[in-house]
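A structural walkthrough
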Amino acid sequence: MIYDVIIIGAGPAGLAAGLYASRARLNTLILEKEKAGGQIVTTDEVANYPGSIENAGGPSLIKRMVDQVDEFGAERKIDTIKEVELEGEIKVLKGEKDEYKTKTVIIATGAVPRAIGCPGEKELVGRGVSYCATCDAAFFEDMEVYVVGGGDTAVEEGMYLAKFARKVTIIHRRDELRAAKSIQEKAFANEKMAFMWDSVVTEIKGDGIVESMVVKNVKTGEETEVFADEDDGTFGIFPFIGFLPATELFDGIIPMEGGYIKTDEDMKTNIPGVFAAGDVRVKSLRQVVTATADGAIAAVQAGKYIDELEGTGYAGDSK
Ligand code: NAP
């Protein structure tokens, strides 16, 4: 079977593309590695998505998006694509479970939080190490928390964590923050916030739960082991050191900038019939509202591309 559109990724960009494609009666498949949602499911308050006035969280917003694509008949499948052949009119996607053929591809693979990459980090995820303040802040009520990074995300999430924790220490590799001045001012004025400058985390230790970490001063080379308070027994470590676009699959095939896929304003990549939407592409604002807009544009353009290819009279679903 040859699909009209295969969308890789079921975050807001992929689901919006799925909605527009299936509603335009294109034979549509949405592929997702684990489960639908993308990064937004780790957010418990989506206050800036137009119409989200009841302050619905990420999971509820995604559930409604999924219900909507299901209603319009898009097929959804869990599989991890390992190899792609995108040149030619029929594109082939080779997954762990199956091989898929399609006339167009919409890449909506998003981005994932960058890990520190030190020993112990991976083993202790969900056991003191977390990349989602809104998901896990409540676990650290009246405890100590360390945030790694100096950008907007680190400082803003640090202040959010300070609503729960008794102290939040930002560990930054330089002696000044990258975050916007307005955000910095709020953080410096917050009594619960502390700063560990010129420092990086080189190891996280613990038997089933974070118990200590090694912090290195990059200027002096001195290493210090930070232990959990005896009464608490543990502390939180939240790395917020940027995001990595999920684009390895397209390395050397599609032009990128800083690992993000380059598209034109119609979401077209350099390969005819291949589009990219959402956080995965080069853009100035990575938000749910821009991701869904990208998805809609990509799906309409995919329809137009098929129309031109086959002369079917499709003109895009603009209603
Ligand atoms: P970012 O701006 O890229 O900042 C990443 C931070 O992590 C930097 O301070 C960087 O240090 C540090 N870092 C990077 N790699 C590291 C490593 N291996 N070890 C230790 N530290 C490391 O990322 P972000 O804060 O997630 O922000 C991403 C984008 O979203 C930005 O454009 C930001 O403005 C935007 N954003 C905006 C808002 C808002 O407007 N309210 C909120 C969140 C995010 P250096 O400073 O030394 O490079």
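Now for a quick tour of the structure.

Section: the nonpolar core
- In terms of nonpolar packing, the biggest core is built from 31 residues, with Val5, Ile7, Leu15, Ile30, Ile106 and Phe275 touching the most fellow members.
- The greatest single-element share of this core, amounting to seven residues, is contributed by helix α6 (residues 288-310).
- The contact partners of Phe275, leaving out residues within four places of it in the chain, are Thr104, Val105, Ile106, Ile107, Asp266, Met267, Lys268, Thr269, Ala298, Gln301, Ala302 and Tyr305.
- Counting 22 residues, the second-largest nonpolar core is a separate cluster that includes Met143, Ala154, Met159 and Phe240.

Let's talk about the pattern of salt bridges
- With the rule as written, the count across this model stands at 17 salt bridges.
- As a salt-bridge pair, Asp98 and Lys77 come within 3.0 Å of each other at their nearest N and O atoms. Here Asp98, found in the loop between β5 (91-95) and β6 (99-107), pairs with Lys77, found in strand β3 (residues 75-78); they are 21 residues apart in sequence, far enough to count as distant.
- For Asp98, a relative accessible area of 37% translates into the label partly exposed.
- Relative accessible area serves as the criterion here: at 27%, Lys77 is assigned to the partly exposed category.
- With its nearest N and O atoms 3.9 Å apart, the salt bridge here joins Glu83 to Lys94. Taken together, the positions of Glu83 in strand β4 (residues 81-85) and Lys94 in strand β5 put the pair eleven residues apart, joining distant regions of the chain.
- Classification of Lys94 as partly exposed rests on a relative accessible area of 25%.
- Connected through shared salt-bridge partners, Glu144, Arg166, Asp229 and Asp232 make up one network.

Details of the sheet that holds strand β10 (residues 193-196)
- The strand order β10-β9-β8-β14 describes an open sheet built from four strands, whose pairing is parallel. In the strand order of this sheet, the two ends are held by β10 and β14 (236-239), each with one partner. Strand-to-strand, the axes of this sheet are offset by a mean angle of 25 degrees, without reference to chain direction.
- Pairing geometry for strand β8 (residues 144-148) and strand β9 (residues 167-171), over five bridges, is parallel. Paired with Val147 across the two strands is Ile170, which belongs to β9.

Considering the packing of helix α4 (residues 152-161) against helix α5 (residues 181-189)
- Where α4 contacts α5, the axes come no closer than 10 Å and their chain directions differ by 35 degrees. For the element pair α4 and α5, the recorded crossing hand is left-handed. Taken together, the residues of α5 that come into contact with α4 (itself represented by Asp152, Val155, Glu156 and Met159) are Ile183, Lys186 and Ala187.
- Looking at the contact of α4 with α5 residue by residue, the class counts come to four nonpolar, no polar and three charged.

Focus on the site of the ligand
- Of all residues adjacent to the ligand, which total 14 residues, the nearest are Asp152, Thr153, Arg173, Arg174 and Arg178.
- A distance of 2.6 Å separates an oxygen atom of the ligand from a polar side-chain atom of Thr153.
- One nitrogen or oxygen atom from the side chain of Arg178 is found 2.7 Å from an oxygen atom belonging to the ligand.
- Relative to its unbound accessible surface of 910 Å², the ligand loses 62% to contact with the protein.
- Among the elements that make up the shell around the ligand, the one with the highest residue count is α4 (three residues).
- In terms of residue class, the shell around the ligand is built from three nonpolar, six polar and five charged.

Quick word on the sheet that holds strand β12 (residues 212-217)
- Strands sit in the order β11-β12-β13 across an open sheet of three strands; the sheet is antiparallel. One side of each edge strand has no neighbouring strand; the edge strands of this open sheet are β11 (199-205) and β13 (223-227). Strand-to-strand, the axes of this sheet are offset by a mean angle of 25 degrees, without reference to chain direction.
- The pairing of β11 with β12 spans six bridges and is antiparallel. Its bridge partner lying in β12, Val200 is registered against Lys216.

Digging into the packing of aromatic side chains
- On inspection of all chains with the given rule, the structure shows six aromatic pairs.
- Their ring planes at 5 degrees and their centres at 5.3 Å tell us that Phe195 and Trp197 sit as a pair that is stacked.
- For Trp197, a relative accessible area of 29% translates into the label partly exposed.
- Ring pairs connect the aromatic residues Phe140, Phe238 and Phe240, which therefore count as one cluster.
- The ring of Tyr260 is capped by Arg286, whose NZ or CZ atom sits 3.8 Å from the centre of that ring.

Basis of the calculations
- Residues numbered from 1 in each chain as written.
- Predicted model: local features only at pLDDT ≥ 70, side-chain atom pairs only at ≥ 80, totals over all residues.
- Heavy atoms only, no water.
- Core = buried A, V, L, I, M, F, W, Y, C linked by side-chain atoms within 4.5 Å.
- Buried < 20%, exposed > 50% of the residue type's maximum accessible area, 1.4 Å probe, protein only.
- Helix = DSSP H or I, 4+ residues; strand = E, 2+ residues; numbered from the N terminus.
- Contact = heavy atoms within 4.5 Å.
- Salt bridge = Lys/Arg side-chain N within 4 Å of Asp/Glu carboxyl O.
- Pairing = 2+ DSSP bridges.
- Axes fitted to C-alpha atoms, helices over the stretch in contact; angles between N-to-C directions.
- Left-handed = near helix turned anticlockwise from the far one by under 90°.
- Nonpolar A, V, L, I, M, F, W, Y, C, P; charged D, E, K, R; others polar.
- Near = heavy atom within 4 Å.
- Polar contact = N/O pair within 3.5 Å; in protein donor to acceptor, adjacent residues only side chain to side chain.
- Areas by Shrake-Rupley, 256 points an atom, 1.4 Å probe, with all protein chains shown as cover.
- Phe/Tyr/Trp six-rings, centres within 6.5 Å; stacked < 30°, edge-to-face > 60°.
- Lys NZ or Arg CZ within 6 Å of the ring centre and 35° of its normal.

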